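Descriptive analysis of the structure
As a plain string of letters, each chain reads:
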Amino acid sequence: MSKMKMPTNLPDPIINENAKIVLARRYQKKDTEGTVYETAKELFWRVASSIAAEEAKYDRSTVKPAALARDFYDLMTSYSFLPNSPTLMNAGTGLGQLAACFVLPVGDSIEDIFDAVKHAAMIHKSGGGTGFSFSRLRAKDSVVGSTGGVASGPLSFLRIFNCATEQIKQGGTRRGANMGILRVDHPDILEFIKAKERDGELNNFNLSIGLTEAFMRAVEKNEDYDLVAPNSATVIGSLNAREVFNILVQKAWESGDPGIVFLDRINRDNPTPTQGDIESTNPCGEQPLLPYEACNLGSINLGNCYARGHNGKDSEIDWDELRRIVHLSVRFLDNVIDASVYPLPQITEMVGKNRKIGLGVMGWADLLYQLRVPYNSQTAVDLAERVMKFVRDEARSASKQLAAERGPFPAYAESVFGEANLGPYRNATTTTIAPTGTLSIIGGCSSGVEPLFALSFVRNVMDNDKLVESNPFFEAALKEADAHSPKLMEEIAKVGTIRKMDHLPEELRRVFVTAMDIEPIWHLKMQASFQKYTDNAVSKTVNLPNSATKEEIWDIYWKAYEYGCKGVTVYRDGSKTSQVLCTGDGD
Ligand code: UDP
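So, here is what we can say about the structure in this document. (Residues numbered from 1 in each chain as written. Predicted model: local features only at pLDDT ≥ 70, side-chain atom pairs only at ≥ 80, totals over all residues. Heavy atoms only, no water.)

**Focus on the overall build of the protein chain**
From N to C terminus, the protein chain includes 21 helices and 20 strands. In terms of overall dimensions, the protein chain has a C-alpha envelope of 75 × 60 × 55 Å along the principal axes. Looking at the 587 residues of the protein chain, the share that counts as buried comes to 58%. As presented, the protein chain carries roughly 23,600 Å² of accessible surface, and 51% of it is formed by carbon and sulfur atoms. Of the charged side chains in the protein chain, 65 are positive and 75 negative; the average position of the first set lies 3 Å away from that of the second. (Helix = DSSP H or I, 4+ residues; strand = E, 2+ residues; numbered from the N terminus. Buried < 20%, exposed > 50% of the residue type's maximum accessible area, 1.4 Å probe, protein only. Areas by Shrake-Rupley, 256 points an atom, 1.4 Å probe, with all protein chains shown as cover. Lys, Arg positive; Asp, Glu negative; His and termini not counted. Charge placed at Lys NZ, Arg CZ, Asp CG, Glu CD.)

**Things to note about empty space enclosed by the protein**
Across all of its chains, the model carries 4 cavities of 30 Å³ or more by this definition. Put simply, the second largest cavity is a space of about 60 Å³. If you trace the second largest cavity, you find it lined by I266, D269, N270, P271, I278, P288, K356, T429, D535, N536 and K566. Residues belonging to the lining of the second largest cavity are distributed by class as follows: 4 nonpolar, 3 polar and 4 charged. (1 Å grid on protein atoms, 1.4 Å probe; cavity = no way out; pocket = protein on both sides within 12 Å on 5 of 7 lines; lining within 4 Å. Points joined across faces, edges and corners; volume = space filled by probe spheres on them. Nonpolar A, V, L, I, M, F, W, Y, C, P; charged D, E, K, R; others polar.)

**Re helix α17 (residues 472-480)**
Three or more residues of α17 are buried, namely F474, A477 and L478. When α17 is viewed along its axis, its buried side chains cluster within an angular range of 100° and face the same direction. Tucked inside the fold, the buried residues of α17 contact α18 (486-495) and α19 (506-511). Regarding α17, its N-cap is N471, as a side-chain oxygen of that residue lies 3.0 Å from the backbone nitrogen of F473 further along. (Arc of directions from axis to C-beta. Contact = heavy atoms within 4.5 Å. Polar contact = N/O pair within 3.5 Å; in protein donor to acceptor, adjacent residues only side chain to side chain.)

**Remarks on a nonpolar patch on the surface**
Taken together, the side chains of I110, F114 and I160 present a nonpolar region at the surface, about 250 Å² in accessible area. We classify F114 as partly exposed; its relative accessible area is 37%. (Patch = residues over 30% accessible without salt bridge, like charges linked within 9 Å, V, L, I, M, F, W, Y side chains within 5 Å. Salt bridge = Lys/Arg side-chain N within 4 Å of Asp/Glu carboxyl O.)

**Comments concerning helix α14 (residues 378-406)**
Between its terminal C-alpha atoms α14 stretches 41 Å, which fits the 42 Å expected from 29 residues at 1.5 Å a residue. Just beyond α14, the residue with positive phi is G407, at close to 95°. (Expected span 1.5 Å × (residues − 1).)

**As for the environment of M89**
Its place among the elements puts M89 in helix α4 (residues 85-90). Assessed through its relative accessible area of 11%, M89 is described here as buried. As a C-alpha pair, M89 and S126 span 37 residues in sequence and 9.7 Å in three-dimensional space.

**Here's the deal with the packing of aromatic side chains**
Throughout the structure, instances matching the rule amount to 22 aromatic pairs. When the centroid spacing of 5.1 Å and the interplanar angle of 65° are considered together, the rings of F81 and F332 count as edge-to-face. Here F81 is found in strand β1 (residues 81-83), whereas its partner F332 is found in helix α11 (residues 319-339), with 251 residues between them in sequence. With relative accessibility at 0%, the residue F332 sits in the buried group. Relative to W558, the ring of F245 has its centre 6.1 Å away and its plane inclined at 80°; by these criteria the two rings are edge-to-face. Linking F245 in helix α9 (residues 241-255) with W558 in helix α21 (residues 550-562), this pair joins segments that are 313 residues apart in sequence. Members of the aromatic cluster, joined through ring pairs, are F215, Y225, F245, F262, W554, Y557, W558 and Y561. Geometry around F262 places R265 over its ring, the cationic atom sitting 5.0 Å from the centre. Its guanidinium or amino end placed over the ring of W522, K525 lies 4.8 Å from that ring's centre, counting from NZ or CZ. (Phe/Tyr/Trp six-rings, centres within 6.5 Å; stacked < 30°, edge-to-face > 60°. Lys NZ or Arg CZ within 6 Å of the ring centre and 35° of its normal.)

Okay, here's the thing in structure tokens:
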């Protein structure tokens, strides 16, 4: 496709100081000496124009590529929407791998295992993250038919994946991220649960235990459950479910790992069950995928959808603006699929069939600050549901409109939508809530649906760069209350929170809460509210104070199940010296 010329009247983007560093380090194009030769404006035009150019393929398209390119440019440079990092890095560069999320199968043979290692390396190189289920691998010490020897088990192979990852930087910018999942009924489950007990062990992996409904029922009734050999499908032992759950909780209390995912629940929402079971998610857990599937994500900045009431009060969400952004973003993400070149033919085939996209939100805490609604309140939890229902309904309606122009996703007829005569849709899934680790830095907004970590803090970004950051809505509110001073900001940067600052107005202390001020249950309620209207899953960490007990973690894991979450991750303050990826820090 020929390159679209940059319009002469294209406005320069306004880039915040943090974004300047991140964009130059990771996103703007560099020559062989490492010198940046692409401006931020050129970057956003490269992405906007190359994604809009895909439009020309569709005869019945209702929009012109040149006009669309301008709309996409404005959408991104107003930071109302940003596509996932690989799209920003690679679109229009000839590299063309634009998706963040992949899941690869790991079969029970040396060939299959090393194919997966190789395929993961190729994906990491292109900027994507990979998830794997190790559940198909035969248990440690079981017999190997061809040699008469004994198998070394999922964990020993997982270490090989971890080592391989260590050596490959994603497009020279960041190291690959992985998710490793083992079903709770795998015979090696106890070893897997304890796999990250030493700090630094398997540090390129997030680990999650795949919990089944049968297992959760056994925990509830304090019963034993069966361990099944994956290679023979025979029961080879049993464990007490509560004891296993207890060890799981103990390890999560110690280090945050492993997390849990509810496999049966994920598969209940599998839109294309005829293509097989979903065994794993992507690295940060928000995107369950079939083996060899990939998904590109994008996030809407809800902080931009605030509407101040005409009287200066009665502020609301700007629903019309949100609708406009959702529709344009869905078109963008669907075009990304066409613009993407995947590293393996199997992936091209799977993505081509289901055309999953993952539109999500970021800047949620910023929106709540503007609305003066505390994150830890029923009002916020109810609003989350309303917002996400709106986003999903509009995303589906946009996907329907695309199906009318371009045809439904090829597997539509055999999908649950086809079966129920819903749709047709262009995409098997439309919504996912990503962590937005780097996107939120570029957009200058709060990340995903997380509360702010601190109202003001010093951020260490990559090597020696230090970035000082204060939340702009908090600063504005302080000014409005005549309480802003450089000395106060310094004080706040030391502790992050104003919870104990009695001299500040009560209203400010109620609204401007941070992750650590919030009772864990609110984290979970918020996750569940967003999950209710998200096709895929929600990236969320339940932050706990260092003093949190094992009983509290048990309770959170259990409630995550009761509330209908697809999984959960906890992090107890100070329980790990180095944190796993997705925080926006470099290697
Ligand atoms: N991801 C990755 N490496 C990283 C961070 C993220 O491969 O260092 C992938 C991973 O699949 C993750 C997804 O990108 O789940 C989305 O993460 P995030 O939203 O933080 O990425 P961003 O687009 O903000 O860079």
